[in-house]
Each structure stands twice: as C-alpha cells, then as structure tokens.
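Structural description and commentary
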Amino acid sequence: MRRHGWPTRVWHWINLAAVTVMLMSGLMIFNAHPRLYWGEYGSNAREYSDPAWLDLTGLSGRTAFPGWATIPTDYSLADARLWHLAFAWVLALAFTAYLLWLLIGGRARRDLTPSRSELAPGHLLSDIAQHARLRFPKGAAALRYNVLQKLAYFAVLFVLLPGVIMTGLTMSPGLNAAWPLLLDLFGGRQSARSLHFLFAGGLVVFFVVHVAMVVLAGPFNEVRSMITGWYRLPRERGEEA
Amino acid sequence: MRDDSGLSRRRLLGLAAAGTGGLLLGGCDQLNRSPGFRSLLEGAEGLTMRSQRLLMGDALAREYGAADISPAFKANGSLGVTDAAYRAHLAQGFAGWALRVDGLVRQPLLLPLAALKGLPQRTQITRHDCVEGWSAIGKWQGPQLAAVLARAGLLPEARYAVFHCADVLGGAPYYESIDLIDAFHPQTILAWRMNDAPLTERHGAPLRLRVERQLGYKHAKFVMRIELRAALAGLYKGNGGFWEDRSGYAWYAGI
C-alpha cells in the first residue's frame, strides 16, 4: 500500500536533520547563559534581583548541557549561532512549504484534525488503553492516523514548530523593531526565550515517543514507508501468513 | 521483485542509520572546521542580514517607560580600563578629554565631553540584549551620532563608522563598526548618561555607542575615537569588530 505522499516524506527527513542541528546548536547557545526568565528582562539570578525561574548551571560540569549534546562539542557560542541561524532558514522554509501543501490540499483537515467522535472521552480513553497495552491498529485502520497520532502530529505542526520559530524571531532585536507585536504576543523578550526552550523541549518529548512507537510498531516497515512511501499492512489478529 | 528491492532497501536503511549516527557523533565538529561548510553557513548570515534590513526599514526599536527599567543592568566584557591616560581622565571626570572623529571626513573633530553634552540630546529607554541571552532595560542619553557625523561632514567614499575603544580584552584593543544605515538611525546615540547619572566605568565611561536594533557586543564602551572608513578590510583582522575577529561573531548582530 502507498501511505505517505512524497512531500511528507521529503519534509520529514529535512525536518529531522534541521531540528537535530537546531536542538544541538541551541543547547550550546543556552550554555552561554543557562538561566531562563519571564518578562522583558533578566540577567543573572545570583548577582541581581531579577530571579530566573530555571537555572541549569552545573547540570553538566560547570555548564548546563554536555559536549555530546551540543554543536560544536567544545564551547563556542559564535559557532553555535552560525549553525543555528543558518539551519533556521532550512527549518522555517521547509516547514512553511509543507504547511502550505497540507493546508491548500485540505490534508490538514482530512488526515490530521480529529473528528468530534474521536475526541469523545470514551474513544480517547480506549485508544490510550490500547496504546498502553502496545496494541496498535491493524489492517486498513493502520493506514489512517488514529486519534492519538492526530493529536501528536497536530501539536507538532500547529503548536510546537510554529511556536519555536516565532519565539526564535521574537528574540531578535532587529525583528522586534520590524514587528513589535511579537513582543506583546509572547510577553517580552525573556518570556519568548523561555517559551523557545519549552517548545524545543516539547519537540524532544515528541521525538522520544515517536521513535518508541516506530520501534514498537515495526521499525523496518515504518521507516520504509517514510522513505519509499510503501507500507505493508499489519495483518489482522488471527490471520495466518 | 519486491523482495529483492526490499533487501537492498534494508541495506540502504542500515547504511542511512549508520551514516546519521556517524554524522551526529563526530561529523558536525568536522564540518564545523571545514572552510567550505563554514562559508556556506556564513552565506546564510548575509541572507539573514538582508532579510532583516528589508523587513525593518528605518523602524525604531521599542522604547519603554520609566517603570520598565530593570532593577539591575549587568556589565559585561571589559569592566574597566588600565590605560594610564584613561585613568587620569577618569579621575578628572573626563573634563579635559575629547572624542576624536577622523578618517574619511571633511573636517576632523576633537569634541570635548562638554561639547557632546551641548549638542541636541536624545533620551531613550531601551532593552539591551546580550548575545549570551540575557536582557536589561536602561535609560540612555546623548547626542545622535548623525549630528556628530554631520559636523564632521562625510566624504563620499565613507561607508563605515568604526569605534575605537580604550579597553583591551585578551591582549587586543576593543573596536566595533556599523554601516551608515545604522550610523544615521535616529536611535543611534553616543550615550554619556545612563539611568540619569553619568556613565560609570563598568558601563563604558565616558561614552558608549547605542545601536538599539543590534545585540550588545555592537554597543562599544569607552569610545575614544570614531573613524570613517570605506572598507573594514585592513583594520585588525578585517571582520569589523573585536568579537567578530576573535570568535567569528556575525558583523551584523540583528538576531
């Protein structure tokens, strides 16, 4: 069976590469000042009276994130910014193109928006229970996204990715001058920086669950379907080979 | 037929997974050292600058109210100057000190601090964003750079204003540069007053550049001399600023 259209497959892998680089270079940038604040300002929780709500100093050695998690490995804010601000273009342009494809073709509505009946508490609970027992949809039902998948992909496409891009732009003093509304939207520059970190954290959580689900559902079949589009339907229970 | 291609796909997937892992473990550092890859990344830097310039036009940075001023304003980079002449001026409140304006100008100037205070003043409460990630809000006062440059009169070849500073960091003198778009922006001022008091040494006395739509390292402290130039090449390492030369920070720091 064909499952994923080529725009989905191309975007998926470009996005994986871009998000990985953004995350790792972003952790290096975070290491330059491993504290987060709410509002417009915030500089140094210990020395000054503008307390951070999160201080990760000392999480790894004298800094927050270890070298294996950062780009580059050794401390360089300048190099991390060089990577981050270049791959930001890849992330934002690929995402914008994919989002337009989803919206214009009506695919976001058809494939990703949960129906009212899917969102009914009974249906949600039974889907959660089935997933918790690692019983995934079989047969033709596996071709469509179930409600938990829809909610997860909906969150990535309409909350986490737009959120991480917009809060990133809000940290730019240049774009603050161009679009001051950004500052009001996120409640100030340091709030935008905090939310940027939280949206990125949301993407990491999605990544971990997503990869776990792929492994549990049959990694070869799943990964092949995201590369070639070809997907072998899981057999119905009791059906013999 | 399908099984054959399935096998080769299986190998392909294995190779792709191994390749991705290898790239993540060491490839990024290798790419980071590759001049070709770096110049690709630096190409994106140019795109970033042009896009920002296109979007912002001559828009002003947000100005805040007095109630928004942050309780503390972190001082970063050089917190003082060891140069003996500077220390003598500091002890006398910069009464005998003068800012030098030279290079590609019709009339080189020596502007005493009193003359700078005598020019029309601009006061602005703005947010200072350090490249490291923190922010502080402060009130700044001083003449617009445009007024100082108008007095000196630019020669047609002038493209950049370079700020030579009194502080030395890691053995190299601090300097910064902006182009004429930012030099003539109304919020670009030579601040001698911060939060209603003369600039302290930690914050760059006697004079600090404010270039409000860029990050903190562009806001040169301890400004002694403004040089108008046609190009940044030939000045120190040629990248237009201390951090640009030393670490490879972007010359245009709008994000």
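Residues numbered from 1 in each chain as written. Chains lettered and ligands numbered in written order. Predicted model: local features only at pLDDT ≥ 70, side-chain atom pairs only at ≥ 80, totals over all residues. Heavy atoms only, no water.

**What about the side chain of A:Ser172?**
Structurally, the position occupied by A:Ser172 is in the loop between helix H5 (147-170) and helix H6 (173-178). Among the polar contacts listed, one links the side chain of A:Ser172 to the backbone oxygen of B:Gly254, at a separation of 2.6 Å. Excluding residues that lie within four positions of it along the chain, A:Ser172 makes contacts with B:Gln52, B:Gly254 and B:Ile255. (Helix = DSSP H or I, 4+ residues; strand = E, 2+ residues; numbered from the N terminus. Polar contact = N/O pair within 3.5 Å; in protein donor to acceptor, adjacent residues only side chain to side chain. Contact = heavy atoms within 4.5 Å.)

**What about the UniProt feature "transmembrane region" (unreviewed entry) in chain A?**
Residues and elements named next belong to chain A. Summarizing the sequence annotation, UniProt attributes the feature "transmembrane region" (unreviewed entry) to residues 12-30, 82-104, 151-175 and 195-217 in the numbering used throughout. Secondary structure within residues 151-175 divides into 92% helix and 0% strand; the distance between the first and last C-alpha atoms comes to 32 Å. Regarding residues 195-217, the helix share stands at 100% and the strand share at 0%, and the terminal C-alpha atoms are separated by 32 Å. (UniProt positions renumbered as here; feature names shortened; annotations may be inferred.)

**Points about the pattern of salt bridges**
Across all of its chains, the model carries 22 salt bridges over all chains by this definition. A:Glu222 serves as the salt-bridge partner of A:Arg3, at 2.9 Å between the closest nitrogen and oxygen. Of this pair, A:Arg3 sits in the segment before helix H1 (6-31) while A:Glu222 sits in helix H9 (residues 219-227), and the two are 219 residues apart along the sequence. Note on accessibility: A:Arg3 and A:Glu222 belong to one class, buried. Shared partners join several salt bridges into a network, and the residues in it are B:Arg100, B:Asp102, B:Arg225, B:Glu227 and B:Arg229. (Salt bridge = Lys/Arg side-chain N within 4 Å of Asp/Glu carboxyl O. Buried < 20%, exposed > 50% of the residue type's maximum accessible area, 1.4 Å probe, protein only.)

**What about the pairing of strand S2 (residues 109-112) of chain B?**
All names here are of chain B. Because side chains alternate across S2, one face comprises the buried residues Leu109 and Leu111, and the other comprises Leu110 and Pro112, none of which is buried. Here 4 bridges tie strand S1 (residues 98-103) to S2, and the two strands are oriented antiparallel to one another. Paired with valine 101 across the bridge in S2 is leucine 109. Joining the antiparallel neighbours S1 and S2 is a turn of 5 residues. (Pairing = 2+ DSSP bridges.)

**Considering the UniProt feature "domain: Oxidoreductase molybdopterin-binding" (unreviewed entry) in chain B**
As recorded in UniProt, the sites labelled "domain: Oxidoreductase molybdopterin-binding" (unreviewed entry) are residues 95-229 of chain B. In this annotation, residues 95-229 of chain B is assigned 13% helix and 47% strand; the end-to-end C-alpha distance for the span is 29 Å.

**Here's the deal with the interface of chain A and chain B**
Across the contact, 47 residues belong to chain A and 56 residues belong to chain B. Contact between chain A and chain B buries roughly 4,300 Å² in total, counting both sides, with carbon and sulfur atoms accounting for 63%. Here chain A is connected to chain B by 4 salt bridges. With a closest N to O distance of 3.6 Å, B:Asp129 and A:Arg189 form a salt bridge. Between chain A and chain B we count 19 residue pairs in polar contact (both at pLDDT 80 or more) in total. For the side of chain A that touches chain B, the elements supplying multiple residues, two or more each, are H1, helix H2 (77-104), H6, helix H7 (181-186), helix H8 (189-217) and H9 of chain A. For the side of chain A that touches chain B, the element with the highest residue contribution is H2(A), accounting for 10 residues. Broken down by class, the residue content of the side of chain A that touches chain B amounts to 26 nonpolar, 13 polar and 8 charged. (Buried area = accessible area lost by both parts, 1.4 Å probe. Nonpolar A, V, L, I, M, F, W, Y, C, P; charged D, E, K, R; others polar.)

**Examining the sheet that holds S1(B)**
All names here are of chain B. Taken in spatial order, the 5 strands make up an open sheet running S2-S1-S11-S5-S6, and their pairing is mixed. Looking at which strands have only one partner, the edges of the open sheet turn out to be S2 and strand S6 (172-179). The sheet shows a mean angle of 20° between the axes of neighbouring strands, taken without regard to direction. On top of the sheet, helix H5 (residues 145-152) reaches S1, S2, strand S5 (160-169), S6 and strand S11 (223-229); it is set at about 135° to S2, its chief contact. (Axes fitted to C-alpha atoms, helices over the stretch in contact; angles between N-to-C directions.)

**Focus: the sheet that holds strand S8 (residues 193-194) of chain B**
Residue and element names in this part refer to chain B. The strand order across the open sheet built from 4 strands is S3-S4-S8-S9, with neighbouring strands paired in antiparallel fashion. Among the strands making up the open sheet, the edge pair consists of strand S3 (121-129) and strand S9 (197-198). Looking at chain direction, S3 and strand S4 (residues 135-143) are connected through 9 bridges and run antiparallel. Within S4, the residue paired with aspartate 129 across the bridge is serine 135.

**Some points on the nonpolar core**
Counting residues in hydrophobic clusters, the biggest one holds 59 residues, and the most contacted among them are B:Leu99, B:Leu116, B:Phe163, B:Leu190, B:Leu207, B:Ile226 and B:Leu228. At 5 residues, S5(B) tops the list of elements feeding residues into this core. Setting aside residues up to four positions removed in sequence, B:Leu207 forms contacts with B:Trp97, B:Leu99, B:Leu113, B:Leu116, B:Leu190, B:Ala191, B:Trp192, B:Leu199, B:Ala220, B:Lys221, B:Phe222 and B:Val223. If you look at the next biggest cluster of nonpolar residues, it comprises 19 residues, including A:Ala18, A:Leu99, A:Leu160 and A:Ile165. (Core = buried A, V, L, I, M, F, W, Y, C linked by side-chain atoms within 4.5 Å.)

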